[in-house]
Amino acid sequence: MTQSQVALISGASRGIGAATAKTLFDAGWCVSLGMRTPVMPDWAESAPERVHLFAYDATEVASPVQWADAVMKAWGRIDAVVANAGITITKTPIDITNEEMAQLLEVNVQGPRRFAAACWDALAQSGKGRVIILGSLSGKRVKSTRSSSYSISKFAAVGLAHALRHTGFDQGIRATAVCPGFVATDMAMGLTDRSGEAMTQPEDLARVIRMLIELPNEASVAEFCVNCQLEESF
């Protein structure tokens, strides 16, 4: 078993997931990167033994179980999971098709739920397991018609984080919904005319995630909202 703490990050090939993986790696963590097409990042060259790659698909029921098993065989522990993989479909609840709505819920809600469940026993063994669910400010309010169906899935993702927090609290597991507004990623760039420089940077959100998973059990945070612009509540 490795002495370093171990984190699994889904959607780790780019954006928030990639930034989180690098931030934790730089802090001494072992990181397992869930990617559709696994590629070793350049920053891993300094200590490749602390980086594990897995071909993860959020829509495949068996994928998170196989991933957790592979990590346990490699390192013997799981201390944190960051459920970052997600998609958006810019349609209203009226315009979206049944298949598209099912896809949103499958990736944004069922995927994180299965991911957490697959790692649950190992997180409990840690005594201070951490689950980060990447929600969104769209999971706190519906801001536009284009984001409305996405909001439905992210409201559910935030609810999932709260449910996991209650479920694992007595086992030392702490779950947090991280809810950013616009983050300078490919997904956000396609949704607004706001420049990337005027958005929250993935590296800054990664710093927040590291802080949350390194807090002691006695400093549980249920939700953490981050915004790049002024809103009445956020």
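Refer to the structure above for everything that follows.
Let me sum up the structure you'll find in this document. This one's a predicted model, so the numbers in the text were calculated from it and none came from an experiment.

Looking at the pattern of salt bridges
So, point 1. Counted according to the given criterion, the structure contains ten salt bridges.
So, point 2. Asp79 serves as the salt-bridge partner of Arg77, at 2.9 Å between the closest nitrogen and oxygen. A single burial state applies to Arg77 and to Asp79, both of which are buried.
So, point 3. The salt bridge involving Glu100 is made with Lys91; its shortest N-O contact spans 3.0 Å.
So, point 4. Three or more residues are tied together by salt bridges with common partners; here these are Arg141, Lys143 and Glu231.

Topic: the sheet that holds strand E7 (residues 223-226)
So, point 1. On the basis of which strands lie adjacent, the open sheet formed by seven strands has the order E3-E2-E1-E4-E5-E6-E7 and parallel pairing. The outermost strands of the open sheet, each flanked by one partner alone, are strand E3 (51-55) and E7. Averaged over neighbouring strand pairs, the angle between their axes works out to 15° when direction is ignored.
So, point 2. Across the sheet, helix H3 (residues 98-126) touches strand E1 (6-10), strand E4 (80-83) and strand E5 (130-134), and the angle it forms with E4 is around 175°.

Some details on the state of the cysteines
So, point 1. Under the defined criterion, the tally for this structure stands at zero disulfides.
So, point 2. In this structure Cys119 is a free cysteine whose sulfur lies 15 Å from that of Cys30, the closest cysteine sulfur available.
So, point 3. On the accessibility criterion, Cys119 (0% relative accessible area) is buried.
So, point 4. Lacking any disulfide linkage, Cys179 is separated from the closest cysteine sulfur, that of Cys225, by 4.7 Å.

What about the side chain of Thr20?
So, point 1. Within the element layout of this structure, Thr20 appears in helix H1 (residues 15-26).
So, point 2. Residue Thr20 is classed as buried on the basis of its relative accessible area, which comes to 0%.
So, point 3. In this structure Thr20 touches Ile9, Val82, Ala206 and Ile209, once residues within four positions along its chain are discounted.

What counts and how
- Residues numbered from 1 in each chain as written.
- Predicted model: local features only at pLDDT ≥ 70, side-chain atom pairs only at ≥ 80, totals over all residues.
- Heavy atoms only, no water.
- Salt bridge = Lys/Arg side-chain N within 4 Å of Asp/Glu carboxyl O.
- Buried < 20%, exposed > 50% of the residue type's maximum accessible area, 1.4 Å probe, protein only.
- Pairing = 2+ DSSP bridges.
- Helix = DSSP H or I, 4+ residues; strand = E, 2+ residues; numbered from the N terminus.
- Axes fitted to C-alpha atoms, helices over the stretch in contact; angles between N-to-C directions.
- Contact = heavy atoms within 4.5 Å.
- Disulfide = S-S within 2.5 Å.

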